[in-house]
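# Breakdown of the fold
Spelled out from the first residue to the last, the chains are:
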Amino acid sequence: MTTKKELKDSVCQAIDRNAERIIGLGERIRRQPELGFKEFKTARLAEETFGELGLKPRSGLALTGVRAEVAGVKDGPTFALLGELDGLVVAGHPIADPETGAAHACGHNAQMAGLLGAAMGLCEARAFEHLAGRVVFFAVPAEEYGDVEWRVQQARAGRLEFLGGKPELLRLGHFDDVDLAMMIHTTSQPDMKKAGVAASNNGCLVKTVRYIGRASHAGGAPHMGINALYAANIGLSAINAIRETFRDEDSIRVHPIITHGGSQVNVIPADVRLETYVRGKTVEAILDANVRVDRALKAGALALGAQVEIETLPGYLPLFNHEGMAKYFLANASTQLGADNITQMGHRSGSTDMGDLSHVMPTLHPYLGGASGTGHGADFTITDPKLAYIENAKQLALMAVDMLWDDAQAAKEIIGAFKPRLTRDAYLTFQRGINKTELFDGAK
Ligand SMILES: [Zn+2]
Ligand SMILES: [Zn+2]
């Protein structure tokens, strides 16, 4: 008779036996960074690896997602283990893709190594002979919400509706049979120690903004033009001016970029484009800040007599980590890494589409170390492959054993007591309700 501890040990041993392969996958993905919804090479690698384990993955889900599943010996809940496929554009990253600028500056390559390693460990140790329910191994696209113009084009062409991976997978029903979900994000922040769980993360809205002016000769006849760049400058200044009205406890973050600043230098700019997020701790705080941001943006158009078109897109909902799942993770991390190397934190101001999942099912999004440099920075790199890749695999696999052991008792308890913040239908309705395009004419 195998005990839970023996099963956990044998899963970890199987992962250790595959350590070289798992590290190899993590490094290979680090060197082939791809942007969200275009992670074709990484998705193929996931598909092949699942196939080699005897699984039958489905691919092309929300364009690039790959999902494989294994059932235990008895019916029970379905636990999804996730790895995010995508990188993001970070200027000056030393191993960015020379064509797209994509780089693994958020460590998602470690998530993929962890996901594939967990599948290896659980399959090779024949863990499913001792578990109930099912594990879904899910390589998911496009957590980084960027490349917005391209994604909007895809949406117009009907290839996407939502512009982030998990919202799109939720919409398409690929989480309909999933009862609880987990992934582990890599971190370079020393305050997260070797492993940590935060209570919550910001959610966000995404905005594209276009100032429309009138082109004219910049030297000969600037008085005939309407300078959309100056209108945008005033809009940006106005956003900076309202920052002091944001309450600390709402954790608002507004960080616009200019994606198009003019056509050529001797022409008064007539088309200037911005993108921004409006992030916050609660949906109410985000919506409140969004009204102020819209007003600030309009001020720029008003000052110059330009027009501004403000498109508001659904982003990600705030993340609430499930406390019950966190307890199991912290116990495993403590056993593996030592109690002194584990921490719990309050609110974090970044956003993730795990937040969307956390509104409809028990969800856990802890951190593991193993990286150094600045997240989303050019110096972000994996410095401890054992912690970033191998431990990620072990922690996912250990949670699968915890959740589905003994007739999936733990998973059943967690699911039974969970009150979703939104039903899946209400989630889709809410996100669709965010979509809005407004044209403000500052000349009227
Ligand atoms: Zn990121
Ligand atoms: Zn990330």
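Residues numbered from 1 in each chain as written. Chains lettered and ligands numbered in written order. Predicted model: local features only at pLDDT ≥ 70, side-chain atom pairs only at ≥ 80, totals over all residues. Heavy atoms only, no water.

Before going further, it helps to spend a moment on helix α7 (residues 228-242). For α7, built from 15 residues, the straight-helix expectation of 21 Å at 1.5 Å per residue is met to within 8% by its first-to-last C-alpha distance of 21 Å. If you follow the buried residues of α7, they end up packed against β9 (195-212), β10 (253-254), β11 (257-260), β12 (271-280) and α8 (283-304). Its side-chain oxygen placed 2.9 Å from the backbone nitrogen of L229, N227 serves as the N-cap of α7. (Helix = DSSP H or I, 4+ residues; strand = E, 2+ residues; numbered from the N terminus. Expected span 1.5 Å × (residues − 1). Contact = heavy atoms within 4.5 Å. Polar contact = N/O pair within 3.5 Å; in protein donor to acceptor, adjacent residues only side chain to side chain.)

Of note, A142 is a non-glycine position whose phi angle comes to about 50°, a positive value. Note on placement: A142 falls in the loop between β6 (132-140) and α5 (148-156). Phi at D407 is positive, roughly 60°, even though this residue is not glycine. Note that D407 resides in helix α11 (residues 385-417).

Attention now goes to the coordination of the zinc ion (ligand 1). Within the protein, the zinc ion (ligand 1) binds to C106 (SG), E144 (OE), E144 (OE) and H376 (NE2); these donor distances fall in the range 2.0 to 2.8 Å. Here the zinc ion (ligand 1) binds 4 donor atoms, and the angle range of 52 to 149° at the metal identifies the geometry as irregular. As a motif over one chain, the donors of the zinc ion (ligand 1) read C-x37-E-x231-H. The distance between the zinc ion (ligand 1) and the zinc ion (ligand 2) is 3.0 Å, with C106 acting as a donor to both metals. Remark: E144 occurs in the loop between β6 and α5 and C106 occurs in the loop between β5 (102-103) and α4 (108-124); sequence separation between them is 38 residues. The same class applies to C106 as to E144, namely buried. (Donors = N, O, S within 2.8 Å, 3.2 Å for Na, K, Ca; no water. Tetrahedral: all angles 85-135°; square planar, octahedral: opposite > 155°, others 65-115°. Buried < 20%, exposed > 50% of the residue type's maximum accessible area, 1.4 Å probe, protein only.)

Overall, the coordinates contain 31 salt bridges when judged by the stated rule. A salt bridge links D288 to R292; the nearest nitrogen and oxygen atoms lie 3.1 Å apart. Of this pair, D288 and R292 both sit in helix α8, 4 residues apart, roughly one helical turn. What makes D288 partly exposed here is its relative accessible area of 39%. What emerges from the salt-bridge pattern is a single network uniting R67, E69, R134 and D177. (Salt bridge = Lys/Arg side-chain N within 4 Å of Asp/Glu carboxyl O.)

These figures capture arrangement, not role.
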